[in-house]
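What follows is each chain in one-letter form.
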Amino acid sequence: MRPLESLRLSWRSIRGHRLRSGLTTLGVIIGVAAVIAFVALGASLQAGIIGDISPDDQRNLYGWAADPDTEGGPLAGAQFVFTQDDMDGVSELDEVEAAYGYATIEAQSVTYGGETQLQGDGLVAAGPSYIRDTSLADGRQFEMGANETVINAATAEQFEENVSVGDELEVQTATGGAETLTVVGITETSEGLSPFEGFEAAPRIYVPTDPFYERQAVGPAAGQDGEDAEAEDGGALFLAIVVEAPTADQDDIDTTRDAAIAYLESDESDASAFLGDDLAVTLQTSTELLQQLEDVLGLLQNFIVGIAAISLVVGSIGIANIMLVSVTERTREIGIMKAVGAQNRDVLGLFLAESVILGVIGAVLGTILGVAAAALGAWYIDLPLVYPLEYVALAIAVGIIVGVASGLYPAWRAARTDPIDALRYE
Amino acid sequence: MESPADAVTMVDVRKTYHVGEPVHALDGVSLSIPRGSYTAIMGPSGSGKSTLMNLVGCLDTPTAGSVSVGGSDISTLDERERTTVRGTEVGFVFQTFNLMPRLTALENVALPQLFQGVSRAERIERAGGLLERVGLGDRKDHLPKELSGGQRQRVALARALVNDPALVLADEPTGNLDTETEAEVLDLFEEFHEAGTTLVVVTHERHVAERADRIVHLLDGEIERIEQLDGAGEPESEPGTADGDQGAGDEPATEQDGDR
C-alpha cells in the first residue's frame, strides 16, 4: 500500500472521532507548548540581557569586597570598605580611565512642577562617566560636586508635563532631607545602565556621589568615625565601585583589573584596612557578571523545561492509550482489511500513521501556542522575542517521535490480529 | 489431481484444533471447485463449514493435506504470500456485510485494490464500473449506514469482485436480509455466475443452496455427500450421488476421493 494512501485512510479515521482525537492531541499540544514557551522565553531573556550591554559598558569593571567564598550574584556578601580617596587613587593609575563609587540613596518622592511622584527605586549615585555619552538622548553628564542630575526617559515622562533639561526636581530622601537637583541630561533608555541596577525599565535618577552620597549616607556607609566622618569630605564608604578600562579589549580590561585590585589591596588604600584576610576585592565586567546570571537562568530553565517535558510524556501516553482503545474498537475493521488482502505492514502503517498524525498535529499546534505564549510573555516583560526557526523543524520531529513511540505497540497489536478472530469479533 | 480448470482443489485436507482434546474440524476432505461453477456448502453447526471456508479463503492453513487456490498451494506459503493470494484470488461476502463504516460505497469496493497498490484513478474507474453492474451507480458516495441491507450486500459483492478473483466466497450472504432482498441478491449472484464468476456459498438454508449447481453436505468434518442439482431451481435431491457415482457425464469435475 502506498504511504500517501495510509495517511489518507488514517486521517479519515481521525476525523471520524473528532472529539477523541482533539482531546488526545491536547496532551501533546500542552506539552510541546510548555517546552517551547519556556525555551523561547529563556532565550529572549538572555538576548534581552546581553543586548543591554552597550560597547561602552564592556570596558566597565564592577567591583565590591566580599569573602571570597561567598556564592551569588553581584554584591553578594559585599562590605562597605571603599572611600572616595581610594577611588581617586585608582583613578590616578595609568591603567585606569576612571573610577568612582556606586551607591543607591533611599528616596521617597520626586516633585516637579508641583506634582509629586513616589520614587521607590531611589537615586543612583555614581561618577559622571557612569552616564555614557551614547546613552544620553539630551543634555550632558552631571559634574562631580554639583547639584546636578541625569534622569532617564521613564522619570521624565512620569509627570504630566515632561521634564526637560534645565528643569529642577525636588527629591525627598529617606533620611528626611530634601535635595533640589538641576536636570542636565536625559537618557534614551529606561533600563538600567549597569548590572548593579538591574535591567528592568523603571524611572531612575542619577546623581553624582559627591555631594549626595556623602551627605545622605547612613549606617555603616557613613564610615567608622561616625559624626566626624560626615563633616569630613570623603568620609562615606562605598559598597560598590566602578572602574573603567581605557578600552573594551580583554587585555586592557585584565591589566586595569590587576592594577586596581593591587592598589586597593596595598597599604596605600584606605580599603586595605578593612579588607584584612577575610575580604577580597572582586572586579568583573557585565559580561562576566551576566555569565553567572545566565548560568543560574539556564539551570532554572532546564528545570522548568524538564517539568514541561513530563507533560509531553503524559501526552504520548494519552496517544498510546487512545490508540489501544482504537485498535480494540476496530478489530472487525482490521479483520475486513486483512480479509481483502491487507498485509500486516499495511495495518501497522495505518495505525502508526494515525498516531504520527496526532503527534505531528499536536506538536505543530503546540509550537504555535508556545510561541504565542512566549511572545505574550516577552511583550509583557518587555524583552525582544527570540524564536529560532529550527524549533519548528524540531517540533515536527518531536511530533513524529512521540507518534511513533506511542503508536508502535498499538499498531503492532493491530497488525498481528488474526483475521479469523477479528471477523468474528462483535 | 489439480487441474488448471479448478479454482480450488482440496486433497485429503485435515484440520485439527488442540483445545484440550484434539478436535478434528476437518477430517480428510477432498473437493474440487471448477472455475465458473456455483457450489453451495451446507451442514449443521460444528460440521466444519467455517473451517472449510477459512481454508478456501486462505485465512488458515490445513494441518495436513493440500489446498490450492487459484493455482497456489496455500499450505506451502508464508503468511504474507497467503495474504496476497487471499487478496487477489478470493472475494469475500459476509453475512454481516462487513463494510468499512467510514468509507463510501465506492471506497469500500476499491479497498482490496488499495492493498494491491493499484493507482487511484484506476481504482475509481474499476470500482465505479462494478457498482454500476450491481445497480448502485447512483450510490457511490453513500456511506454504508446510508444504504439498505440489500444495497450493502451488493456493495460487498462488488468489493469481492474488484480484484477479479478465482472465486467468490459467500458466508451466509442472505442471513441478515428479508425474503425479498434475499431474492434480489441471489439473482445478482446468479447473474454473475452466468457471466463466469466462480461462486461458493456457505449456507444453512436449503432454498439458498438450491440456487447453486451442486450442494456439498458436510457432517462431522467430512463430506457426507455431494448433491448435483439440475439448475433452474429444481429442488430434487439425488440421494445416490454422494459416493461412488461421481455424477457420470457431469462436466464440473466433482471430485470426492473416498477417504473413508
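As the structure is a computational prediction, the values presented were derived from the model and not from experiment.

Turning our attention to the overall build of chain B. A tally of helices and strands in chain B yields 7 helices and 10 strands. When the 260 residues of chain B are sorted by exposure, 53% land in the buried category. For chain B, the share of sequence-separated contacts (at least 6 apart) that also reach a separation of at least 24 residues comes to 66%. Summed over all atoms, the accessible surface of chain B reaches about 10,700 Å², with 45% contributed by carbon and sulfur.

Counted under the stated rule, the structure contains 5 cavities of 30 Å³ or more. In this model, the largest cavity occupies a volume close to 140 Å³. Lining the largest cavity are 14 residues; nearest its centre among them are Leu9(A), Ser13(A), Arg330(A), Glu333(A) and Met100(B). Of all the elements in the fold, those that place two or more residues in the lining of the largest cavity are helix H1 (3-16), helix H10 (331-339) and helix H11 (344-380) of chain A. In terms of residue count, H1(A) provides more of the lining of the largest cavity than any other element does, 4 residues in total. Across the lining of the largest cavity, the residue classes break down as 7 nonpolar, 2 polar and 5 charged.

Attention now moves to the packing of aromatic side chains. To describe a pair of aromatic rings, you give the distance between the ring centres and the angle between the ring planes. Residues and elements named next belong to chain A. Counted according to the given criterion, the structure contains 10 aromatic pairs over all chains. Seen from their ring centres, Tyr130 and Tyr206 are 5.9 Å apart, and the 50 degrees between their planes marks the pair as tilted. Residue Tyr130 is found in the loop between strand E5 (123-126) and strand E6 (136-139), and its partner Tyr206 is found in strand E10 (residues 205-208); the two are separated by 76 residues along the sequence. We classify Tyr130 as buried; its relative accessible area is 1%.

Okay, the packing of helix H4 (residues 120-133) of chain B against helix H5 (residues 149-161) of chain B next. Each packed pair of helices is defined by two parameters, the angle between the axes and the distance between the axes. Residue and element names in this part refer to chain B. It is the contact of H4 with H5, at a shortest axis distance of 9 Å, that shows an interaxial angle of 135 degrees. The angle between H4 and H5 places the two elements in the oblique class. The handedness of the crossing between H4 and H5 comes out as right-handed. Across the interface between the two elements, Arg126, Leu130 and Leu131 of H4 pack against Val155, Ala158 and Leu161 of H5. Of the residues in the contact of H4 with H5, the class split is 5 nonpolar, no polar and 1 charged.

Residues and elements named next belong to chain B. Pairing analysis gives 5 bridges linking strand E1 (residues 6-19) to strand E4 (residues 64-69), with the strands arranged antiparallel. Bridge pairing links Val11 to Ser66 in E4. Taking the residues between adjacent antiparallel strands as the criterion, E4 and strand E5 (residues 72-73) are bridged by 2 residues, where Gly70 takes a positive phi near 60 degrees.

A few words now on the domain arrangement of chain A. Along its sequence, chain A is carved into domain 1 (3-51 + 293-424) and domain 2 (80-278). On a C-alpha basis, the centres of domain 1 of chain A and domain 2 of chain A stand 54 Å from each other.

Let's shift gears to the nonpolar core. Within the largest apolar cluster, 68 residues are counted, with the highest numbers of intra-cluster contacts made by Phe351(A), Met10(B), Leu52(B), Val69(B), Leu111(B) and Leu167(B). Among the elements that line this core, the one with the most residues is H11(A), at 9 residues. Excluding its chain neighbours within four sequence positions, the residues that come into contact with Phe351(A) are Met323(A), Ser326(A), Val327(A), Arg330(A), Ile334(A), Ala411(A) and Ala414(A). Counting 43 residues, the second-largest nonpolar core is a separate cluster that includes Ala65(A), Val96(A), Ala156(A) and Leu279(A).

Taken together, the side chains of Asp67(A), Asp69(A), Glu71(A), Asp277(A) and Asp278(A) define an acidic patch exposed on the protein surface. Residue placement: Asp278(A) occurs in the loop between helix H8 (271-275) and strand E12 (280-284).

The extent of an interface is frequently quoted as the accessible surface area lost upon association of the parts. The interface of chain A with chain B comprises 26 residues on the first partner and 30 residues on the second. Buried surface at the junction of chain A and chain B, summed over both partners, amounts to about 2,500 Å²; 56% is from carbon and sulfur atoms. On the surface where chain A and chain B come into contact, there are 3 salt bridges. The salt bridge partner of Arg12(A) is Glu107(B), with a shortest N-O separation of 2.4 Å. Run the count over chain A and chain B and you get 9 residue pairs in polar contact (both at pLDDT 80 or more). Sorting the residues of the side of chain A that touches chain B by element identifies H1, H10, H11 and helix H13 (419-424) of chain A as the ones contributing at least two each. Its residues assigned to classes, the side of chain A that touches chain B shows 10 nonpolar, 6 polar and 10 charged.

Our next topic: the sheet that holds E1(B). Residues and elements named next belong to chain B. Overall, antiparallel pairing links the 4 strands, which are arranged E2-E1-E4-E5 in an open sheet. Every interior strand has two partners, whereas the edge strands, strand E2 (21-34) and E5, have only one. Of the pairings in the sheet, the one linking E4 to E5 comprises 2 bridges and is antiparallel in character. By the bridge assignment, Ser68 is partnered in E5 with Asp73. Lying on the sheet, helix H1 (residues 49-56) is in contact with E1, E2 and E4; it crosses E1 at an angle near 125 degrees.

Taken as a whole, the largest pocket holds about 710 Å³ of empty space. If you trace the largest pocket, you find 30 residues lining it, with Arg424(A), Ser50(B), Met53(B), Asn54(B) and Asp171(B) closest to the centre. Secondary structure elements with two or more residues in the lining of the largest pocket: H13 of chain A together with E2 and H1 of chain B. For the lining of the largest pocket, the element with the highest residue contribution is H1(B), accounting for 5 residues. Tallied by class, residues from the lining of the largest pocket come to 11 nonpolar, 12 polar and 7 charged.

Within the secondary structure, Thr197(B) is located in the loop between helix H6 (179-194) and strand E8 (199-202). If near-sequence neighbours (up to four positions away) are discounted, Thr197(B) is found in contact with Gly36(B), Ser37(B), Leu161(B), Val168(B) and Phe192(B).

Moving on to the environment of Ala339(A). By secondary structure assignment, the location of Ala339(A) is in helix H10. Among the residues examined, Ala339(A) registers a relative accessible area of 0% and is labelled buried. Considering only alpha carbons, one finds Ala339(A) and Ala422(A), 83 residues apart in sequence, at a separation of 9.7 Å. Excluding anything up to four places from it in sequence, Ala339(A) contacts Leu423(A), Leu59(B), Arg86(B), Phe92(B) and Phe94(B).

Right, let's get into a nonpolar patch on the surface. All names here are of chain A. On the surface, a nonpolar cluster with roughly 590 Å² of combined accessible area is contributed by Val364, Leu365, Ile368, Leu389, Val392, Ile396 and Ile400. For the nonpolar patch, the elements supplying multiple residues, two or more each, are H11 and helix H12 (390-415). The topology assignment puts Ile396 in helix H12. Relative accessible area serves as the criterion here: at 33%, Ile396 is assigned to the partly exposed category.

A few words now on the side chain of Thr331(A). All names here are of chain A. Within the secondary structure, Thr331 is located in helix H10. Using a relative accessible area of 12% as the deciding quantity, one classes Thr331 as buried. Apart from residues lying up to four places away in sequence, Thr331 is in contact with Thr417, Ala422 and Tyr425.

Cut-off values and rules
Residues numbered from 1 in each chain as written. Chains lettered and ligands numbered in written order. Predicted model: local features only at pLDDT ≥ 70, side-chain atom pairs only at ≥ 80, totals over all residues. Heavy atoms only, no water. Helix = DSSP H or I, 4+ residues; strand = E, 2+ residues; numbered from the N terminus. Buried < 20%, exposed > 50% of the residue type's maximum accessible area, 1.4 Å probe, protein only. Contact = heavy atoms within 4.5 Å. Areas by Shrake-Rupley, 256 points an atom, 1.4 Å probe, with all protein chains shown as cover. 1 Å grid on protein atoms, 1.4 Å probe; cavity = no way out; pocket = protein on both sides within 12 Å on 5 of 7 lines; lining within 4 Å. Points joined across faces, edges and corners; volume = space filled by probe spheres on them. Nonpolar A, V, L, I, M, F, W, Y, C, P; charged D, E, K, R; others polar. Phe/Tyr/Trp six-rings, centres within 6.5 Å; stacked < 30°, edge-to-face > 60°. Axes fitted to C-alpha atoms, helices over the stretch in contact; angles between N-to-C directions. Parallel < 35°, antiparallel > 145°, perpendicular 65-115°, else oblique. Left-handed = near helix turned anticlockwise from the far one by under 90°. Pairing = 2+ DSSP bridges. Domains from an automatic or database assignment. Core = buried A, V, L, I, M, F, W, Y, C linked by side-chain atoms within 4.5 Å. Patch = residues over 30% accessible without salt bridge, like charges linked within 9 Å, V, L, I, M, F, W, Y side chains within 5 Å. Salt bridge = Lys/Arg side-chain N within 4 Å of Asp/Glu carboxyl O. Lys, Arg positive; Asp, Glu negative; His and termini not counted. Charge placed at Lys NZ, Arg CZ, Asp CG, Glu CD. Buried area = accessible area lost by both parts, 1.4 Å probe. Polar contact = N/O pair within 3.5 Å; in protein donor to acceptor, adjacent residues only side chain to side chain.

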